[in-house]
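Remarks on the overall topology
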Amino acid sequence: MTKQFIVQDPYFEKAKKLGYRARSAFKLLEIQEKYSVIQPKMNVLDVAAAPGSFLQVISKIIDLDHKAVGIDITKIDPNFGRPNIYLLQESIFEYEKIRIYLDSLSIGQFDLITSDIAPSTTGMSGVDQYRSVELNLAILDVAKVFLKKWGNLVLKVFVGEDVNDLMWALKENFIKVNRFKPKACRERSFEEYFICMGKKD
Ligand SMILES: C[S@@+](CC[C@H](N)C(=O)[O-])C[C@H]1O[C@@H](n2cnc3c(N)ncnc32)[C@H](O)[C@@H]1O
């Protein structure tokens, strides 16, 4: 991606103006407008949270008695100006370490899990989308334990031929799975968000 491209991106400019750490904020805002997944009385786990724009959106909606937890393999600047954001630098594949951390927060199960996870891209769409499916299956493993019954899961998926494996697994665990491509996604990207509503148990 060239610097010239970034400068011409209206969402990048808007994010800078409004103080969001990344343009991804607008994708979650569109998801929120359509599906109202975030509510004030919710504890929310955000996977792949760096640099933190989803957490900025989430923390403006949840009340201060509730918590937002961000996990990413990359370090996240903790200066959100909110006391109820907790951060863990870890890979989603490290289930045991994540479990120990989440147990230590005594939240129990979350009302909502969001994820904007993206593998390091290779430029080979088949490889990238396969890795995206693998990452999302690892998130589903966390959701099976840490998401409440009837809770919702928002996933970013690179759509390709392996997506049916993921969709099958999601439909096993959720009442309904909606596919949504926010306007803030770059037109040429093959990313979509899967809005999984109502965890079965
Ligand atoms: C598009 S960015 C997320 C942007 C974020 N939602 C925001 O609003 O600021 C994708 C993130 O996925 C993270 N990621 C990729 N592989 C990961 C893994 N195995 N475990 C945890 N995070 C991972 C990357 O470090 C990167 O921060």
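Use the structure listed above.
These remarks concern the structure in this document. (Residues numbered from 1 in each chain as written. Predicted model: local features only at pLDDT ≥ 70, side-chain atom pairs only at ≥ 80, totals over all residues. Heavy atoms only, no water.)

As a further point, take the side chain of Gln 129. Residue position: Gln 129 is located in helix α6 (residues 125-146). A distance of 3.4 Å separates a polar atom in the side chain of Gln 129 from the backbone nitrogen of Gly 160. Ignoring any residue separated from it by four or fewer positions in sequence, one finds Gln 129 in contact with Phe 158, Val 159, Gly 160, Glu 161, Asp 162, Val 163 and Phe 190. (Helix = DSSP H or I, 4+ residues; strand = E, 2+ residues; numbered from the N terminus. Polar contact = N/O pair within 3.5 Å; in protein donor to acceptor, adjacent residues only side chain to side chain. Contact = heavy atoms within 4.5 Å.)

A separate point is the site of the ligand. Close contacts around the ligand come from 20 residues, with Gly 52, Ser 53, Phe 54, Asp 72 and Ile 92 the closest. Ser 53 places a polar side-chain atom, nitrogen or oxygen, 2.5 Å from an oxygen atom of the ligand. Contact distances for the ligand include 3.5 Å between a nitrogen atom and a backbone N or O atom of Ile 73. Contact with the protein chains covers 85% of the free accessible surface of the ligand, which is 600 Å². The cavity that encloses the ligand is the largest pocket. Its residues placed into classes, the shell around the ligand shows 11 nonpolar, 5 polar and 4 charged. (Near = heavy atom within 4 Å. Areas by Shrake-Rupley, 256 points an atom, 1.4 Å probe, with all protein chains shown as cover. 1 Å grid on protein atoms, 1.4 Å probe; cavity = no way out; pocket = protein on both sides within 12 Å on 5 of 7 lines; lining within 4 Å. Sits in = over half its atoms within 2 Å of the grid points. Nonpolar A, V, L, I, M, F, W, Y, C, P; charged D, E, K, R; others polar.)

Here we take up the pattern of salt bridges. According to the stated counting rule, one finds 12 salt bridges in the structure shown. The partner of Glu 191 in a salt bridge is Lys 27, with the nearest N and O atoms 2.7 Å apart. Highlighted residues: Glu 191 in strand β7 (residues 191-199) and Lys 27 in helix α3 (residues 24-35), separated in sequence by 164 residues. Just as Glu 191 is buried, Lys 27 falls in that class too. Residues Lys 144 and Asp 141 are paired through a salt bridge, measuring 3.9 Å at the closest nitrogen-oxygen approach. Taken together, the positions of Lys 144 and Asp 141, both in helix α6 and 3 residues apart, correspond to about one turn of that helix. (Salt bridge = Lys/Arg side-chain N within 4 Å of Asp/Glu carboxyl O. Buried < 20%, exposed > 50% of the residue type's maximum accessible area, 1.4 Å probe, protein only.)

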